[in-house]
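Coordinates in review
Listed here are the chains, written in short residue letters.
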Amino acid sequence: GGQAAEVRAALAALGGKEDLCRQLAQFAIEEAPDLMRQIEQSLAERDAITLERAAHKLRGSVRYFQAERVAELAGGLESRARRQDFEPCGELVEQLKPAMERLLSVLVDYTGAPGSPTN
């Protein structure tokens, strides 16, 4: 089947190791919802340390999938949290949610995993 660009990028980065690629996709699918909750909660509580850590982990969990938008937004959250510059973070989170949902639906399609954001 025609694989999504994100999956092709990950496979290329992983030397075509399909099993590993699926594991990483599965890991992202399992981790992301919790990390997104942590990001939203820590922003609401102005908890810079948790916000920075969760954004960093989120970026790491999807790094092989070359999801530039997700990486850019999570990276922005990370650096602003480090400076405790909370003002722009709400907007970044609002943009991150649909970008992350899009990526997760691609990964769910790829792994055939249950727990897609749509059901």
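Look up a bit, the structure's there.
Residues numbered from 1 in each chain as written. Predicted model: local features only at pLDDT ≥ 70, side-chain atom pairs only at ≥ 80, totals over all residues. Heavy atoms only, no water.

1. With respect to helix H3 (residues 48–61)
In this model, H3 (14 residues) spans 20 Å end to end at C-alpha, consistent with the 20 Å of a helix rising 1.5 Å per residue. Within the sequence span of H3, burial applies to Ala48, Leu51, Ala54, Ala55, Leu58 and Ser61. What you see down the axis of H3 is that its buried residues fit within an arc of 165°, all on one side. Of the surrounding secondary structure, the elements contacted by the buried residues of H3 are helix H2 (18–44), helix H4 (68–82) and helix H5 (89–111). (Helix = DSSP H or I, 4+ residues; strand = E, 2+ residues; numbered from the N terminus. Expected span 1.5 Å × (residues − 1). Buried < 20%, exposed > 50% of the residue type's maximum accessible area, 1.4 Å probe, protein only. Arc of directions from axis to C-beta. Contact = heavy atoms within 4.5 Å.)

2. Some details on the packing of aromatic side chains
Counted by the stated rule, this structure contains zero aromatic pairs. In this structure, Arg22 packs its charged tip against the face of Tyr110, placed 4.6 Å from the ring centre. (Phe/Tyr/Trp six-rings, centres within 6.5 Å; stacked < 30°, edge-to-face > 60°. Lys NZ or Arg CZ within 6 Å of the ring centre and 35° of its normal.)

3. Here's the deal with H5
With 23 residues, H5 ought to run about 33 Å at 1.5 Å a step, and its terminal C-alpha atoms sit 31 Å apart, in line with that. Residue Gly112 follows H5 closely and has a positive phi angle near 65°.

4. Looking at the side chain of Glu6
Within the element layout of this structure, Glu6 appears in helix H1 (residues 5–13). Reaching out from Glu6, the side chain makes a polar contact with the side chain of Arg102 at a distance of 3.0 Å. Excluding its chain neighbours within four sequence positions, the residues that come into contact with Glu6 are Tyr64, Phe65, Arg102, Leu103 and Val106. (Polar contact = N/O pair within 3.5 Å; in protein donor to acceptor, adjacent residues only side chain to side chain.)

5. Some details on the packing of H2 against H5
Viewed as axis vectors pointing N to C, H2 and H5 meet at an angle of 155°, and their least axial separation amounts to 10 Å. When the axes of H2 and H5 are compared, the pair comes out roughly antiparallel. As H2 packs across H5, the resulting crossing turns out to be left-handed. Along the contact surface, H2 presents Glu18, Cys21, Arg22, Ala25, Gln26, Ala28, Ile29, Ala32, Met36, Ile39, Glu40 and Leu43, while H5 presents Cys89, Gly90, Val93, Leu96, Lys97, Met100, Leu104, Leu107, Val108, Tyr110 and Thr111. (Axes fitted to C-alpha atoms, helices over the stretch in contact; angles between N-to-C directions. Parallel < 35°, antiparallel > 145°, perpendicular 65-115°, else oblique. Left-handed = near helix turned anticlockwise from the far one by under 90°.)

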